[in-house]
Amino acid sequence: MSMELLARKIGDVNGDGIPDLVYLTGTLPFPDSPFRENITLWIQDGKTRRIYQLPLKTSMGYQPSLFLGDFTGNKIDDVFINMFSGGSGGITYNYVYSFVQNNPKILFDYEVFNDSYHYNVDYLDGFKVKVTGIETGSSFIIDIQYKGKEYLDQLYYEYGKLKRPVEGSVNALGGLYPVDFQGIGVYDLLAYQRIIGLYNADGLGWLNTYLRWTDSSFSPYNQTIQIF
C-alpha cells in the first residue's frame with residue numbers, strides 16, 4: 001500500500017522563528033473508504049530541512065486532521081491531531097505534541113484522559129439522573145422527563161418512584177476542540193463525552209470538560225452538561 005498525504009500545516013513548532021512543515025501521512029487499506037492506517041506525524045525543520053518521523057501510538061482512524069496553535073503559553077505552536085474511530089460509539093483519538101527545539105513531547109494523550117476521569121451515572125426518583133465525577137467531585141442532575149412516557153414507564157412507577165436501581169455511563173472522549181477562550185492566543189481544550197442511559201443509543205446529553213495547560217499537564221477547570 002502506498003503512503004499518501006492526509007493533512008498539512010505550516011508553522012513554527014520548534015521555536016526558532018522559522019516556519020516548519022508539519023504533515024500527516026497514512027495508507028489506504030480499503031478502496032473508496034475514508035479509513036486510514038499507519039498514520040504518522042512528520043515535521044520538517046524549516047531551517048535545516050531535516051525531517052522527523054513520529055509514529056502515532058494509535059495510528060488508524062477516519063478523517064485525520066491537524067491544527068497548529070500555542071497551548072502552553074510559550075508563544076510556540078504545538079501540534080493538535082484529531083482522528084475519528086468510526087462506528088456508533090462516536091469516539092475520537094487525539095494527541096497534542098510539543099516540538100520545542102526539535103524535541104517531541106506528548107502534551108495530551110486521549111487514552112491518558114480517558115483513564116484519568118471516571119463517572120457514576122445513577123437514575124434517581126423523580127425522573128432524574130445524577131452524573132458524578134469521581135476525581136473532579138462535580139455533580140449534575142438531568143431531568144429526563146423529556147424522554148417521554150414510554151421510556152419513563154420502563155423505569156418508574158406513575159408517581160415517579162424508581163422501579164429498580166438503574167445506572168448509565170459516560171463514554172470515552174467523543175470530541176476535542178482547541179478554543180482560545182481567553183482571547184490571548186493560547187488555546188484551551190474543550191472535551192466532549194457522551195452521557196448514555198440504558199444503552200449506547202440512549203443518549204442523555206454531553207459532558208463538557210474545559211482543560212487548560214498548567215505547569216506540566218492539561219487540567220480541568222470547568223465542566224458543564226449539554227442536553228440533547
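Up top is the structure.
Quick caveat: nothing in here was measured; it's all calculated off a predicted structure.

A. Main features of the pattern of salt bridges. Under the definition given, this model contains eight salt bridges. Put simply, Lys57 and Asp109 hold a salt bridge, and the shortest N to O gap is 2.8 Å. Of the two residues, Lys57 is situated in the loop between strand S4 (51–55) and strand S5 (61–69) and Asp109 in strand S8 (residues 105–109); the sequence distance between them amounts to 52 residues. Assessed through its relative accessible area of 9%, Asp109 is described here as buried. With its nearest N and O atoms 3.2 Å apart, the salt bridge here joins Glu111 to Lys57. A residue pair is termed long-range when its members are at least 10 positions apart, and Glu111 in helix H1 (residues 110–116) and Lys57 in the loop between S4 and S5 qualify at 54 residues. According to the relative accessible area criterion, Glu111 is partly exposed, its value standing at 32%. Within this structure, Lys57, Asp109 and Glu111 form a network of salt bridges that share partners.

Definitions and limits used
Residues numbered from 1 in each chain as written. Predicted model: local features only at pLDDT ≥ 70, side-chain atom pairs only at ≥ 80, totals over all residues. Heavy atoms only, no water. Salt bridge = Lys/Arg side-chain N within 4 Å of Asp/Glu carboxyl O. Helix = DSSP H or I, 4+ residues; strand = E, 2+ residues; numbered from the N terminus. Buried < 20%, exposed > 50% of the residue type's maximum accessible area, 1.4 Å probe, protein only.

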